Number of protein chains: 2
Amino acid sequence: MSHPMFEKHRKTLDDACKAIRERGYWSAYPEVPSGKIYGESAKDDGLAGFQARLNKPFAIEGQPGEVGRVGHEVSPYGPALGVTYPKSDLDTLLRAAQGALSGWREAGIEARVGVCLEILHRLNKRSFELANAVMHTTGQGFMMAFQAGGPHAQDRGLEAVAYAYDEMMRTPEKATWRKQVGKEEFVTLEKRYRIMPRGVALTIGCSTFPTWNGYPGIFASLATGNPVVVKPHPGAILPLAISVEIARDVLKESGFDPNVITLLADSLDAPITKDVAIRPEIRVIDYTGGSEFGNWLEKTATQAIVLTEKAGVNTMILDSCDDLRAVTGNLAFSLCLYSGQMCTTPQNIFIPKDGMKVGGETKSFDEIAGAIVKAVDWMLSDPRRATEVLGAIQNDRTVLRIGQAAGEGAEILRESAKIANEAFPEARVHTPLILKTDASRKELFMREMFGPISYIIATDNTDQSVRLAAEASRNCGAITAGIYSTNEATLNRAVEALAEAGAATSCNLSGQIFVNQAAAFSDFHVSSGNPAGNATLCDSAFVSRRFSVVQSRVCV
Amino acid sequence: MSHPMFEKHRKTLDDACKAIRERGYWSAYPEVPSGKIYGESAKDDGLAGFQARLNKPFAIEGQPGEVGRVGHEVSPYGPALGVTYPKSDLDTLLRAAQGALSGWREAGIEARVGVCLEILHRLNKRSFELANAVMHTTGQGFMMAFQAGGPHAQDRGLEAVAYAYDEMMRTPEKATWRKQVGKEEFVTLEKRYRIMPRGVALTIGCSTFPTWNGYPGIFASLATGNPVVVKPHPGAILPLAISVEIARDVLKESGFDPNVITLLADSLDAPITKDVAIRPEIRVIDYTGGSEFGNWLEKTATQAIVLTEKAGVNTMILDSCDDLRAVTGNLAFSLCLYSGQMCTTPQNIFIPKDGMKVGGETKSFDEIAGAIVKAVDWMLSDPRRATEVLGAIQNDRTVLRIGQAAGEGAEILRESAKIANEAFPEARVHTPLILKTDASRKELFMREMFGPISYIIATDNTDQSVRLAAEASRNCGAITAGIYSTNEATLNRAVEALAEAGAATSCNLSGQIFVNQAAAFSDFHVSSGNPAGNATLCDSAFVSRRFSVVQSRVCV
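Just so you know, the residues in each chain are numbered from 1, in the order the chain's sequence is written. Here every chain gets a letter starting at A, and every ligand a number starting at 1, in the order they are written. Whole-chain, interface and lining totals are the exception, using all residues; otherwise, since this is a predicted model, local features are given only for residues with pLDDT of at least 70 and side-chain atom pairs are given and counted only at 80 or more.

*Asks:* Would you take a moment to explain the overall build of chain A for this structure?
*Replies:* By definition, any uninterrupted DSSP run of H or I lasting at least four residues is a helix, any uninterrupted run of E lasting at least two residues is a strand, and each is numbered from the N terminus. Scanning chain A for helices and strands turns up 21 helices and 20 strands. Within these notes, the globule rule equals 2.2 Å times the number of residues to the 0.38 power, and the radius of gyration is based on C-alpha atoms. A globule of 556 residues ought to have a C-alpha radius of gyration of about 24 Å, and chain A, at 25 Å, matches this closely. With respect to the principal axes defined by its C-alpha atoms, chain A has extents near 80 × 70 × 45 Å. Any residue surrounded by 20 or more other C-beta atoms within 10 Å of its C-beta is treated as buried, while 12 or fewer makes it exposed and the intermediate range makes it partly exposed; C-beta atoms here are placed from the backbone. Relative to its 556 residues, chain A shows a buried fraction of 60%. Note on contacts: each residue gets a C-beta atom placed from the backbone, and two residues are in contact if those atoms are within 7 Å. Within chain A, residue pairs in contact and separated by at least 24 positions form 74% of the contacts whose partners lie at least 6 positions apart.

*Asks:* How do you make sense of the relation of the copies chain B and chain A when you look at a structure like this?
*Replies:* Each of the two chain copies can be brought onto the other by rotation about an axis and movement along it. Expressed as a screw operation, the relation of chain B to chain A combines 0.0 Å of axial shift with a rotation of 180°, fitting to an RMSD of 0.0 Å. The relationship between the two copies is best expressed as a two-fold rotation axis. Measuring from the rotation axis to each C-alpha of chain B, the shortest distance belongs to B:Ala541, at 3.0 Å. Of all interface residues in chain B, 98% are interface residues in chain A too; the two copies therefore contact each other through one and the same surface. A least-squares fit on C-alpha atoms brings the copies together, and the residues used are those whose pLDDT is at least 70 in both copies.

*Asks:* What is the right way to look at the domain arrangement of chain A in this model?
*Replies:* Accessible area lost on assembly of the parts is the figure often given for the size of an interface. Residues and elements named next belong to chain A. The domain limits used here are those given by an automatic or database domain assignment. Assigned domains of chain A: these are domain 1 (57–310 + 535–555) and domain 2 (314–507). If you average the C-alpha positions of domain 1 and of domain 2, the two centres end up 34 Å apart. Taken together, the contacts link 15 residues of domain 1 with 17 residues of domain 2.

*Asks:* Looking at this model, I keep getting lost on helix α7 (residues 127–138) of chain B. Mind explaining?
*Replies:* Residues separated by three or four positions in an α-helix point in the same direction, a consequence of the helix having 3.6 residues per turn. Residues and elements named next belong to chain B. What a helix should span is 1.5 Å times the count of its residues minus one. The terminal C-alpha atoms of α7, which comprises 12 residues, lie 15 Å apart, in line with the 16 Å expected from a rise of 1.5 Å per residue. In terms of burial, α7 is a largely internal element, 12 of the 12 residues being buried. Turning to α7, its buried residues number three or more, namely Ser127, Phe128, Glu129, Leu130, Ala131, Asn132, Ala133, Val134, Met135, His136, Thr137 and Thr138. Two residues or fewer after α7 comes Gly139, characterised by a positive phi angle close to 90°.

*Asks:* Can you walk me through the sheet that holds strand β10 (residues 314–318) of chain A in this structure?
*Replies:* Hydrogen bonds between backbone atoms are what pair the strands of a sheet, whose relative direction is either parallel or antiparallel. A pair of strands counts as paired when DSSP detects no fewer than two bridges linking them. Strands sit in the order β15(A)-β16(A)-β17(A)-β12(A)-β10(A)-β18(A)-β19(A)-β20(B)-β4(B)-β3(B) across an open sheet of 10 strands; the sheet is mixed. At either margin of the open sheet sits one strand with a lone partner, and together these are β15 (411–414) of chain A together with β3 (174–180) of chain B. The sheet shows a mean angle of 25° between the axes of neighbouring strands, direction not considered. Two strands pair when backbone bridges link them, and β10(A) and strand β12 (residues 346–352) of chain A are joined in this way by 4 bridges, in the parallel orientation. The partner of A:Ile317 across the bridge, within β12(A), is A:Phe350. For helices, the fitted line uses only the C-alpha atoms of the stretch in contact; every axis is such a line through C-alpha atoms, and the angle between N-to-C directions lies from 0 to 180 degrees.

*Asks:* So what exactly am I meant to see when it comes to the interface of chain B and chain A here?
*Replies:* On the chain A side, the residues contacting the 57 residues of chain B number 56 residues. Secondary structure elements with two or more residues in the side of chain B that touches chain A: β3, β4 (186–197), α13 (291–300), α20 (488–500), β19 (504–507), α21 (540–544) and β20 (547–555) of chain B. Considering every element that reaches the side of chain B that touches chain A, the biggest residue donor is β20(B), with 8 residues. Following the grouping adopted for this structure description, the nonpolar residues are Ala, Val, Leu, Ile, Met, Phe, Trp, Tyr, Cys and Pro, the charged ones are Asp, Glu, Lys and Arg, and the polar ones are all others, Gly among them. Among the residues making up the side of chain B that touches chain A, the classes are represented as 21 nonpolar, 21 polar and 15 charged.

*Asks:* What exactly am I supposed to notice about the sheet that holds strand β10 (residues 314–318) of chain B here?
*Replies:* Strand order in the open sheet formed by 10 strands is β3(A)-β4(A)-β20(A)-β19(B)-β18(B)-β10(B)-β12(B)-β17(B)-β16(B)-β15(B), and the pairing between neighbours is mixed. Single-partner strands in this sheet number two, and they are β3 (174–180) of chain A together with β15 (411–414) of chain B. Each adjacent strand pair in this sheet contributes to an overall mean axis angle of 25°, direction not counted. Bridge count between β15(B) and strand β16 (residues 433–438) of chain B: 3 bridges; the pairing is antiparallel. Of the residues in β16(B), the one forming a bridge with B:Glu411 is B:Lys436. Relative to strand β12 (residues 346–352) of chain B, helix α15 (residues 365–379) of chain B is tilted by about 150°, and along the sheet it contacts β10, β12, β15, β16 and β17 (453–459) of chain B.

*Asks:* Is there a simple way to explain unusual backbone geometry in this structure?
*Replies:* Trans is the common state for peptide bonds, and a negative phi is the common state for residues other than glycine. Cis geometry is found at the peptide bond from A:Leu537 to A:Cys538, where omega equals -15°. Assignment of secondary structure puts A:Cys538 in the loop between β19 (504–507) and α21 (540–544). Phi at A:Val526 takes a positive value of approximately 75°, unusual for a residue other than glycine. Note on placement: A:Val526 falls in the loop between β19 and α21. For A:Val526, a count of 32 C-beta atoms within 10 Å corresponds to the buried category. For B:Asn508, which is not a glycine, the phi torsion comes out positive at approximately 55°. Within the secondary structure, B:Asn508 is located in the loop between β19 and α21.

*Asks:* Explain helix α5 (residues 90–107) of chain B to me, please; I cannot follow it from the model alone.
*Replies:* Residue and element names in this part refer to chain B. For α5, which comprises 18 residues, the first-to-last C-alpha distance of 26 Å matches the rise-based estimate of 26 Å (1.5 Å per residue) to within 8%. Maximum bend of α5: about 30°, positioned at Leu101. Among the residues of α5, Leu93, Leu94, Ala96, Ala97, Ala100, Leu101, Trp104, Arg105 and Ala107 are the ones counted as buried. With its phi angle positive at about 90°, Gly108 sits one or two positions after the end of α5. At every residue, the bend is computed as the angle between two fitted axes, covering the seven residues ending there and the seven beginning there respectively.

*Asks:* I tried to follow the environment of A:Pro239 on my own but got confused; where do I start?
*Replies:* Residues and elements named next belong to chain A. Of note, Pro239 is situated in helix α11 (residues 238–253). It is 5.7 Å that separates the C-alpha atoms of Pro239 and Val134, two residues lying 105 residues apart in sequence. If near-sequence neighbours (up to four positions away) are discounted, Pro239 is found in contact with Leu130, Ala133, Val134, Thr137, Gly149, Pro210 and Thr211.

*Asks:* What is the right way to look at the packing of helix α8 (residues 142–149) of chain B against helix α9 (residues 151–168) of chain B in this model?
*Replies:* Two quantities define a packed helix pair, namely the angle between the helix axes and the distance between the axes. All names here are of chain B. At a minimum axis separation of 3 Å, α8 and α9 run at an interaxial angle of 15°. It follows that α8 is roughly parallel to α9 by the angle criterion. Facing Gln147, Ala148 and Gly149 of α8, the residues of α9 in contact are Pro151, His152 and Ala153. Looking at the contact of α8 with α9 residue by residue, the classes come out as 3 nonpolar, 3 polar and no charged. Relative orientations are named as follows: roughly parallel for angles under 35 degrees, roughly antiparallel for angles over 145 degrees, roughly perpendicular for angles from 65 to 115 degrees, and oblique for any other angle.

*Asks:* Where do I start with the environment of B:Asp286 in this structure?
*Replies:* All names here are of chain B. When you line up the elements, Asp286 lands in strand β8 (residues 282–288). Taking the C-beta count within 10 Å as the criterion, Asp286 has 29 such neighbours and is therefore assigned buried. Taking the C-alpha atoms as reference points, Asp286 and Ala19, separated by 267 residues in sequence, lie 24 Å from one another. Residues within four places of Asp286 in sequence aside, it is in contact with Thr203, Ile204, Gly217 and Leu307.

The structure is reproduced here in structure tokens:
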């Protein structure tokens, strides 16, 4: 039961399956936005493709249940997108999704996986268009929107397909069971094992990384036979709408019901996520977003398997280093990148109050804190670099939060400022706010303050830094942690304590690698070991519960 | 980091890992209770060992928090066991379990798996003692108590260890990630992936198959590093208490904290399961038992991963056959075995009201129903065979349910009768009740009637039989289904419909293989695809969520 699309992409799949086992560096989709790779006109075509979407209704051809139009996206760079999407009658849409299930299931593993791989391949070809869509919904700078929204997101999708394929192949389709039950007597059963998808899956998208966080769940569900209803964040619909359109095209071309994937858009003033999440038809939910709603889903949508990536408090521990400039330069980039709007950005930076060793010499707390501020200042000293690295603030509430944090009495080491973006004069750009406090002020730093807000916290010593980092991770959740130390034992102790608290820890990063980056096929994103989420992108638990194996046996 | 116990049992593990991939017949522990295999004195020693337990306190040496004694087990064969177990202070016990976690985690995969394999090996040597304990708590006949309570349960435990090992080995301990970031520039990260157990696990035992249903969760949790608190059903403590004792001995001998596994006993009049299940320390729960409590756990114990095997309505569809005697003989054994107290026993038998083809000839509904009754009568015609096959009724409420079912107006085809067991005059033995009804009386058969109660249901035709069987499975849950048909297309249609409803279907069973039997390493027990349970014994989803992989990376 092979399938031409499976054969076409078999090598990519094989390489991906090898990569998830070995976990070295590997990528299927080039991250360099180069004309040599993507075609000389790709950049212009992508921009034109994006612009052609603006101020128009976005049609999802053949998707039933349209009862109106919805869509109020405004670019964090200024202009309203003016795109409207189908507003759907939920009953009709879910009926269509359910109706698509049996044909998709019966297609078999190779056809489903082949179609998924072809969708990813086409998404890759459209990376420039997707980059513009991601940029003008999330506020990411163009380069980041291209990489994280395009090839890196596609890699994450492929990783989910590889895990799903690997998982489905673990049980044979058939087996012969022959047992001796007497001297010369045998019982023989021919057994068959069927992959039965769980049902209709719902992907609830986020506003900051709609594709990177959305693709894993979407592709894991598709590969395992579950039709997917894609419910984007009202502020970042376009990247997922384009993705759904591309996926439906591939499905149609290969003779499947395009309603295997559907778009369910809504608006901030008339949200429908709660309504759809508790529908009995919905059997799998992938969610990325705030903790409050994630916790509600986990407790309430008990008819479904709920996989969440929520929020957390990431920490950085400074103990000692050889080259302070390398440390502060690396950290400054992490703090500035996309204005701290990554679920992996450090928020709390712990430094011993009596300072730390730099090379042979002890530098005071204030010297270190000052060096961090200076490194951020340098990073933003060139306006073009500043706006490319910072991007724009996705959500107005994040701007308000900066003001709130600045007014809570912590010493301000670096003021946040609204700065201009030459290309987009209306862009919502605010530089990082850096505050100073000490270990006693838990009410300030033991909570998530999403956005370009960080606390440099004076601790008694590194042991206390580690304890507080682990406590934040255990109580508030954490996806990442980082530490700089020249002492092997200190590094190990910190890594062990943070592993127990479920935070992935990066040690002594310098150069072109940052604590907030997670690479598909190698890094596990979210450990599921603390409140930051109950699922990991990607591991076998992320895919295995999306289907059951139902057996039959015939006496022969 | 190998371990002598791992090396000792490595071949068993390798064979088990191969078996779960190939799913043909394989077993590690001989099911024949023969002196040649288990030692000439094994049977007598086992009985003596069991008898030495009676009317005494059962000590769990070194388990902290004992604040009294509890235990009121009464054999379904008559005598009270008179065994008491520690009544534990929950705070102390959970603290001890938590205290055992880090050492057990740090032991590493091979040490943990080696210890599990040695425990299983020793359980196997004690199969006769365990058989007596299972027999006199569950009411199973001796042969079944030996097989299902001993070697088959051990096989299920081994299967869980194999899945856990396989799962933990899917991610390497270490990887080097090297990415080109410039013309001649590379970033290299040394990554480490740590298996982090979820936390303290709770196994909630059942009264009918304490070891067979308990071992998979216990061993899956142990192998993945989670200390296990074993909370047996108050009516069937002894088999799990002996198992815990053996496990603690092996742990102690190999230098581990024996509180990696603890016994938490309670009584029917002072149940503690709800209290312990919602404790924040409990992060994994394995449950086998009634649906009501299972549903409560799934909805309430949201701090834990909850894996359930609940109840259901299993069905048998009769469409056509060549040899009626082979069919009714096979079915009669399934109905009689352990008095229908298996979660896999058929309850509803659907037959077309106009009868069915047997060989060339059509036999009427009443002829077929009569043949089933006759086959049951024959099975029970020899008193020794009758009592060995039927065993005894575990719970008084099951006896009441027989009376209730007989009094609800359905035509009685076969009366249930209390019969004598020569060896145990006080034994609670009741023969199967068989009722006749038709497809319209859903209030009778669309509900679980646990015990020796079955309905022979007249349907319009086999299509309706299949529809009703699938409906029962979808709405009430079902673990098994069976069909007899000489028509290939009918078989396929039924199997497909039942697979969609999540029921494992057996076709045309005859001879020494029965619908209520599930073989480790080959049969998946519970599909998780209907309300009969949300977990499967065993598959990778059964083990993968018991740990998370937390990574660290160091820049080099």
